[in-house]
Amino acid sequence: MSERTAGTTYVLVDGENIDATLGTSILGRRPHPDERPRWDRLLSFARAQWQQDVKALFFLNASGGMPMAFVQALKAMDYEPIPLSGDASTKVVDVAIQRTLQALAHRTGDVLLVSHDGDFLADIEALLDTDRRVGVVAFTEFRNAGFTALESRGVQTFDLEYAVGAFNTRLPRLRVIPIEEFDPAAYL
């Protein structure tokens, strides 16, 4: 890749998807406050990973009401909360992220999607084959396999717990461990 000039990384967070995966697939219950991601660490990771400014958009389904305390916390961390509403048959967060990815195809800047959802594959693929960097942050074992298939075309994948370090406590995950990362002390 040619020498790059500093730009912007657009971080698009599918909060609903991350929360559902954490609660349903990993914990088997609603997460306690100390088990939720530290969203400020995601921004620090994004800045450090690609060495540039970050514009962070956090998409929320607010059809049932505005979660004001959470929205204020996001704003304090420099996220732009995007509360959305719609009828029950519309996946408002997915639609908004798809539209945002499509709009980003016409702008410069790198993209870091935080979601497991395969609904975004076509829009992520449309961002490839340019000089832009594209990444996906998720729990690796729950990330749609289509994102892994796009790694050969340049998609960088990052684990929310292990690469980003977004949690204060170790989550009860069962994952395949690359041998170079295996630490027997964690199991003794």
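So, how was this worked out
- Residues numbered from 1 in each chain as written.
- Predicted model: local features only at pLDDT ≥ 70, side-chain atom pairs only at ≥ 80, totals over all residues.
- Heavy atoms only, no water.
- Buried < 20%, exposed > 50% of the residue type's maximum accessible area, 1.4 Å probe, protein only.
- Helix = DSSP H or I, 4+ residues; strand = E, 2+ residues; numbered from the N terminus.
- Contact = heavy atoms within 4.5 Å.
- Core = buried A, V, L, I, M, F, W, Y, C linked by side-chain atoms within 4.5 Å.
- Pairing = 2+ DSSP bridges.
- Axes fitted to C-alpha atoms, helices over the stretch in contact; angles between N-to-C directions.

K.L.:
How would you explain helix H1 (residues 15-27) if you had to name every residue and give the values?
P.N.:
When H1 is considered as a whole, its buried residues turn out to be Gly15, Asn17, Ile18, Thr21, Leu22, Gly23, Ile26 and Leu27. The elements touched by buried residues of H1 are strand S1 (8-14), helix H2 (39-50), strand S2 (53-61) and strand S4 (110-114). Gly28 sits one or two positions beyond H1 and adopts a positive phi of about 75°.

K.L.:
With reference to specific residues and values, describe the nonpolar core.
P.N.:
Of all hydrophobic cores here, the largest spans 29 residues; its most connected members are Val11, Leu42 and Tyr79. For this core, the secondary-structure elements that each account for two or more residues are S1, H1, H2, S2, helix H3 (68-76) and S4. Among the elements that take part in this core, H2 stands out by supplying six residues, more than any other. Residues within four places of Tyr79 in sequence aside, it is in contact with Val13, Trp39, Leu42, Leu43, Ala56, Phe58 and Leu74.

K.L.:
Can you explain the sheet that holds S1? Please cite residues and give values.
P.N.:
On the basis of which strands lie adjacent, the open sheet formed by six strands has the order S3-S2-S1-S4-S5-S6 and parallel pairing. The outermost strands of the open sheet, each flanked by one partner alone, are strand S3 (79-84) and strand S6 (155-159). Between one strand axis and the next, the sheet turns by 20° as a mean value, whatever way the strands run. In the packing of H1 onto the sheet, contacts are made with S1, S2 and S4, and the angle to S1 comes to roughly 55°. Lying over the sheet, H2 contacts S1, S2, S3, S4, strand S5 (134-138) and S6, oriented at roughly 150° with respect to S4.

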